[in-house]
Amino acid sequence: CAADEACTFHYLSEGYLRLLGADREGGELVYGNSFYQTVYPDDRERVRCQMIEQLGQGDVVEIEYRLNRHDGRILWVLDRGRLVRAPEGDAFYCVVMDITATKNAMEELRLSEEGLFFQGNASVQFMESVFRGVSPLKKKMCIGTHTMP
């Protein structure tokens, strides 16, 4: 896509069109031939800022963001691109990979760990309430002494 305000598409590959769930004509019509229109609305400003920041350090960008599919589904993608400077106009050449499964797995792991933390915290609170008012010696006799191997 062009290195202009909208990141106007010069060319949409078949693979990118498959990610979008659109054909060539539909992709151009639905997304107004603009890269930013393919980006999930809540991510657009962050993506713009990250592009500007990364381009301030060189000609390579690598950004994760959500992509709006033609059918309304949302995909997480990793976009790796390079700005190519040319007399006829600068352009981005990018490789976009679907990372939705990885993002979903990471979120499931985070929720699982969060659940374990809350379960452990609830267990501690329960035990504290059970032994409230019990002397340290009686607690030791009830719980026992355990050492980790």
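Residues numbered from 1 in each chain as written. Predicted model: local features only at pLDDT ≥ 70, side-chain atom pairs only at ≥ 80, totals over all residues. Heavy atoms only, no water.

K.L.:
Even after reading the chapter, I still don't get empty space enclosed by the protein, so can you show me in this structure?
P.N.:
A water-sized probe, rolled over the atoms, reveals where empty space remains. Inspection of every chain in the model, using the stated rule, returns 1 cavity of 30 Å³ or more. Considering only enclosed or pocket space, the largest cavity measures out at about 90 Å³ in volume. In terms of lining, the largest cavity is formed by C1, C7, F35, V47, M51, V61, I63, Y65, D79, F92 and C94. Elements represented by at least two residues in the lining of the largest cavity include exactly α4 (41-55), β1 (60-68) and β3 (91-98). Residue contributions to the lining of the largest cavity peak at 3 residues, all from β1. Residue composition of the lining of the largest cavity, by class: 10 nonpolar, no polar and 1 charged. (1 Å grid on protein atoms, 1.4 Å probe; cavity = no way out; pocket = protein on both sides within 12 Å on 5 of 7 lines; lining within 4 Å. Points joined across faces, edges and corners; volume = space filled by probe spheres on them. Helix = DSSP H or I, 4+ residues; strand = E, 2+ residues; numbered from the N terminus. Nonpolar A, V, L, I, M, F, W, Y, C, P; charged D, E, K, R; others polar.)

K.L.:
Got a minute to help me understand the packing of aromatic side chains in this structure?
P.N.:
For any pair of aromatic rings, the description consists of the separation of the ring centres together with the inter-plane angle of the planes. Tallying each qualifying case throughout the model produces 3 aromatic pairs. Put simply, the rings of F35, Y36 and Y65 touch in pairs and so form one group of aromatic residues. A cation over an aromatic ring shows up here: R48 above the ring of Y36, its NZ or CZ 4.1 Å from the ring centre. Cation over ring: K103 sits above W76, and NZ or CZ is 4.4 Å from the ring centre. (Phe/Tyr/Trp six-rings, centres within 6.5 Å; stacked < 30°, edge-to-face > 60°. Lys NZ or Arg CZ within 6 Å of the ring centre and 35° of its normal.)

By themselves, these observations are geometric and do not establish any function.
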